[in-house]
Every structure is written in structure tokens, then in C-alpha cells.
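Descriptive structure summary
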Amino acid sequence: MQFSRPKIGIPTRKTFPGRHKTAIPILAVACSFLAPPALLAQPTSDVPLQAILKHDDSQKRARVILALGGGGTRGCAHIGVLRVFEKEGIPIDGIVGTSIGAIVGGLYAAGVKTDQIEHRMLNRSLLKAYQTIPIPLRVALIPVFFVPRAFGYRPYDGLYKGNKFRNYLNNAVPECDREIEALPIPFVAVASNLLDAKPYAIAKGNLGLAIQASSAIPVLRRPVPMNGLLLVDGGLQANLPVKQAKELGGDIVIAVDVDEQFTNLSEKEFRRIGSVSKRVINMVLSKVDEDQLSAADLVIHPNVNNISLLSTKSKDARRAIEQGEAAANAALPEIRMRLEKLAKVKLADQAQDSAEAKDQSQLKSAE
């Protein structure tokens, strides 16, 4: 069986943005818009299953696809999850990411090590590339943006273009891995198309451009034109891209959900500036993710509560990474069990096919 690319549209990023309180209303405006597959009876095998799980030939083990969700700074948890998978030898046969999930997943799919991605997050170089000018200053300059319009210039709506961020991403990976089709690990970035109001999976083209589109928060960032489409942050419609991940044709889709885990709050909590919009954004994202979560074979949900979507604090990014590692480690027994069961099924199917082929051969010889 060959590894299939998604069949959902092809043209060719939630972000790691800032802690400024003015950013929260901006994002609020932008948003004012696990059962496993049934397994057959499990045969036994003399082949060591751990050897199968690490086997280079995906036909002899379960193929794993990751769906990495959006969630701003909370998405740094993806780094911790990937690090645990690496350490445990769990194969990754494809990555589908939205927003920050596309940023982390795209870099990793291009061969950038988790330590290097972590370094870029903690030293804030990635943030500075994404948000070239502090949001309050950019907002203060909005009146200046109207001057070119008086002379007929009509740019797309948004505070930042995003071109510097695209170049930063492309320069972070080897030149030979700047096209999605050439990546060592199959990768898809999910964005939202403003023209037809549908999610769009970007499975080919320039890596930096695809991630730029997937992480273009409306109002904060300008839409990205691409092959007749006009793309913005995929979190609006497919924040946790499980259904898109299933299009890659793997045996198991593991979703990494970095949404807030809700707890009851006192009404006093909502007397603080920005508290209502923050809660509403998290409610919207959680609702968007409901259907996708139910489609996942297994969900890893790090505890990233109290980390703002737009935090620029290195300590928040570091805590998210640690929580990603903790959640992935807690899920390891279940992951191993699922993979071993699937590996046994594959072995049984292959043994049956081999036996049938042998019988056919013997019948032909007898004739």
C-alpha cells in the first residue's frame, strides 16, 4: 500500500504572538467568526513488536500521522510531544498542522531538531520574525496606513504582511527542504480560504509560504494570496486538523490538542480587562475542535491552562514544552498498545496474503 497525499485541495499557520493586552481584543475580533478503529482478533507473532514499530518499511508496522492543533504559545507543547516520540522511537509518517501546529510541525518535518525549534521559541527569534513591530505601536500607526489608500493603493486588511516571517522559516530549513513535496516527513499545513469560507489543506509548494498562510491571524496579519485563493489562519475552521490528517492514509491519527481545559470560574474573574474576550476565544476554539476530536484515534491534551494565546514570556513557552512532554509520556502505554495491536493485524494480513499466494502458486504448478 502506498502512502497517499491528501486529496483535499492543493494551492501551494495559531501563532506565537505577544503578551500585549491590546492583542486580545484583536484576536477576539478575528474569532467573531476517542474511540479507536475496530481491530480484528489479534494473532500472535514471533517477531519482536518493538522491532516492527521501528522498522523502516511502513508496510511492516503501523503508520502514525500527527494532527497538531493551533493555540498560540500553548502550541509549544508540540515540541515536547515530538521530543518524547523521538526518544521512544515512535515513528512519524506524516504531520498535519494548523497555525502554531503548522509552524512546529513544518519545521520538524523539514528535519529541524526539537532542540533547535525550542531554542528559536525561547530566544524569541521566531516571535520577532512573526511580529516585526510591537502590536501597540502597529495599532498606533493605523491612521498612517490610510494615506496610501487615498492615492488608490488597496492592500489586504491586516496589520502585518508576514513576508519576513515566511523568509525566516525558509531560512531555518535546508534549501533542499523548502518545498513541501521534498520534505523528509510528509507534511500538510491547514489554512482557511476567505473566498469560499472553507478549510484548505496545503500539501505542495513553498514551506514558508504555506506556514505563513496557516498562521495568518485575521486582522493581525494580512491574508495570503495563493493560487487563486485568499488564505488566513486555519484555526477558524480546522484548529485541530484530524480529518485532514486522516486524508494522509495512515493507520492511526494521534491528535495533540492545546486548547484550554475549562474549569468553573468566579464572576470576579471577569472584571479584569481582556478577561471576557480571552474566555470567549477559548470557548470558540474548543467548539471548533469538537468534531475533530471525535475523529481522532488517540488524543494527547497537555495542561496548558493559564498560558495566554499571545504570551511572549519565555517561561510560558518553556512550561508548555514541559507539559507536552508530560502528556506524551502519560500517553505512551496507550500508544504502544495501539501500535502493537495494529502491527499484529498487519503481520496477520501479510501472513494470510503470503499463504494465499503460495496456494495459488502450488495450484498452478499442479496444473
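It should be noted that the structure appears before, not after, this text.
A quick note: this is a predicted structure, and the numbers were derived from the prediction, not measured.

Time to look at the overall build of the protein. Check the secondary structure of the protein and you find 14 helices and 8 strands. Expressed as a percentage of its 367 residues, the buried residues of the protein come to 51%. When the accessible surface of the protein is totalled, it reaches about 16900 Å², and 54% of it is carbon and sulfur.

The next point concerns the packing of helix α3 (residues 77-88) against helix α5 (residues 114-122). As a packed pair, α3 and α5 sit with axes 10 Å apart at the nearest point and diverge in direction by 165°. Comparing the axis directions of α3 and α5 gives the class roughly antiparallel. Seen from above, α3 lies across α5 with left-handed handedness. Counted together, Ile79, Leu82, Arg83 and Glu86 of α3 and Thr114, Asp115, Ile117, Glu118 and Met121 of α5 form the full contact between these two elements.

Glancing now at the environment of Ala326. By secondary structure assignment, the location of Ala326 is in helix α14 (residues 314-366). C-alpha of Ala326 to C-alpha of Asn303: the two residues are 23 residues apart in sequence and 9.0 Å apart in space.

Turning next to the pattern of salt bridges. As enumerated under the stated definition, the model contains 7 salt bridges in all. As a salt-bridge pair, Arg83 and Glu118 come within 2.7 Å of each other at their nearest N and O atoms. Of this pair, Arg83 sits in helix α3 while Glu118 sits in helix α5; the two residues are 35 residues apart in sequence, bridging distant segments of the chain. Arg83 sits in the buried class, given a relative accessible area of 18%. Glu325 serves as the salt-bridge partner of Arg83, at 2.8 Å between the closest nitrogen and oxygen. Taken together, the residues span a long stretch of sequence, with Arg83 in helix α3 and Glu325 in helix α14 at a distance of 242 residues. Because the salt bridges share partners, they merge into one network encompassing Arg83, Asp115, Glu118 and Glu325.

Okay, the pairing of strand β4 (residues 198-202) next. Within a regular beta strand, the side chains point alternately toward one face of the sheet and then the other, so they alternate between its two faces. Where strand β3 (residues 187-193) lies against β4, 5 bridges are found, and the strand directions are antiparallel. Within the sheet, the bridge partner assigned to Ala189 lies in β4 and is Ile202. What sits between the antiparallel neighbours β3 and β4 is a turn of 4 residues, in which Ala197 has the positive phi angle 60°.

This part takes up the environment of Asp316. Along the chain, Asp316 turns up in helix α14. Owing to a relative accessible area of 11%, Asp316 belongs among the buried residues under this scheme. In sequence terms Asp316 and Thr73 are 243 residues apart; their C-alpha atoms lie 7.3 Å from each other. Setting aside residues up to four positions removed in sequence, Asp316 forms contacts with Thr73, Ile307 and Ser311.

In the Ramachandran plot, Ser99 falls in the positive-phi region, its phi being about 60° despite a non-glycine side chain. Relative to the assigned elements, Ser99 resides in the loop between β2 (94-98) and α4 (100-109). We classify Ser99 as buried; its relative accessible area is 0%. The residue Asn306 is not glycine, and still its phi comes out positive at about 70°.

Moving on, we get to the nonpolar core. Of all hydrophobic cores here, the largest spans 74 residues; its most connected members are Phe85 and Phe187. At 10 residues, α14 tops the list of elements feeding residues into this core. Residues within four places of Phe85 in sequence aside, it is in contact with Leu66, Ile90, Ile92, Ile254, Ile300, Ala328 and Ile335. Counting residues in each nonpolar core, the second largest holds 15 residues, with Ile65, Val190, Leu240 and Val242 among its members.

Another point: the side chain of Ser215. Inspection of the secondary structure puts Ser215 in the loop between α10 (207-214) and β5 (224-226). There is a polar contact of 2.7 Å between the side chain of Ser215 and the backbone oxygen of Ile211.

Quick look at α10 now. Most of α10 is tucked away: 8 of the 8 residues are buried. When α10 is considered as a whole, its buried residues turn out to be Leu207, Gly208, Leu209, Ala210, Ile211, Gln212, Ala213 and Ser214. Where α10 starts, the residue carrying a side-chain oxygen 3.1 Å from the main-chain nitrogen of Gly208 turns out to be Asn206.

With 21 residues, helix α13 (residues 275-295) ought to run about 30 Å at 1.5 Å a step, and its terminal C-alpha atoms sit 31 Å apart, in line with that. The largest bend along α13 measures about 40° and falls at Asp289.

A few words on the environment of Gly97. Here Gly97 is to be found in strand β2. Under the relative-accessibility criterion, Gly97 is labelled buried at 0%. Once the C-alpha coordinates of Gly97 and Leu68 are considered, the two residues, 29 residues apart in sequence, prove to be 4.6 Å apart. Residue contacts for Gly97: discarding those within four places in its chain leaves Leu68, Ala102, Phe187, Val188, Ala189, Val190, Ser214 and Pro241.

On to the pairing of β3, then. Counting buried positions along β3 gives 7 out of 7 residues, so the element sits mostly inside the fold. Judged by which residues are buried, β3 turns out to be covered on both faces: Phe187, Ala189, Ala191 and Asn193 on one side and Val188, Val190 and Ser192 on the other are all buried. Across 4 bridges, the pairing between β2 and β3 is parallel. Note on β3: the bridge partner recorded for Thr98 is Val190. Of the strand pairs in this sheet, β3 and strand β6 (residues 229-233) are connected by 3 bridges, and their pairing is antiparallel. Opposite Ala191, over in β6, you have Asp233 as the bridge partner.

Conventions and cut-offs
Residues numbered from 1 in each chain as written. Predicted model: local features only at pLDDT ≥ 70, side-chain atom pairs only at ≥ 80, totals over all residues. Heavy atoms only, no water. Helix = DSSP H or I, 4+ residues; strand = E, 2+ residues; numbered from the N terminus. Buried < 20%, exposed > 50% of the residue type's maximum accessible area, 1.4 Å probe, protein only. Areas by Shrake-Rupley, 256 points an atom, 1.4 Å probe, with all protein chains shown as cover. Axes fitted to C-alpha atoms, helices over the stretch in contact; angles between N-to-C directions. Parallel < 35°, antiparallel > 145°, perpendicular 65-115°, else oblique. Left-handed = near helix turned anticlockwise from the far one by under 90°. Contact = heavy atoms within 4.5 Å. Salt bridge = Lys/Arg side-chain N within 4 Å of Asp/Glu carboxyl O. Pairing = 2+ DSSP bridges. Core = buried A, V, L, I, M, F, W, Y, C linked by side-chain atoms within 4.5 Å. Polar contact = N/O pair within 3.5 Å; in protein donor to acceptor, adjacent residues only side chain to side chain. Expected span 1.5 Å × (residues − 1). Bend = angle between axes of the 7 residues up to and from the residue.

Remember that the coordinates give geometry; whether it matters functionally is a separate question.
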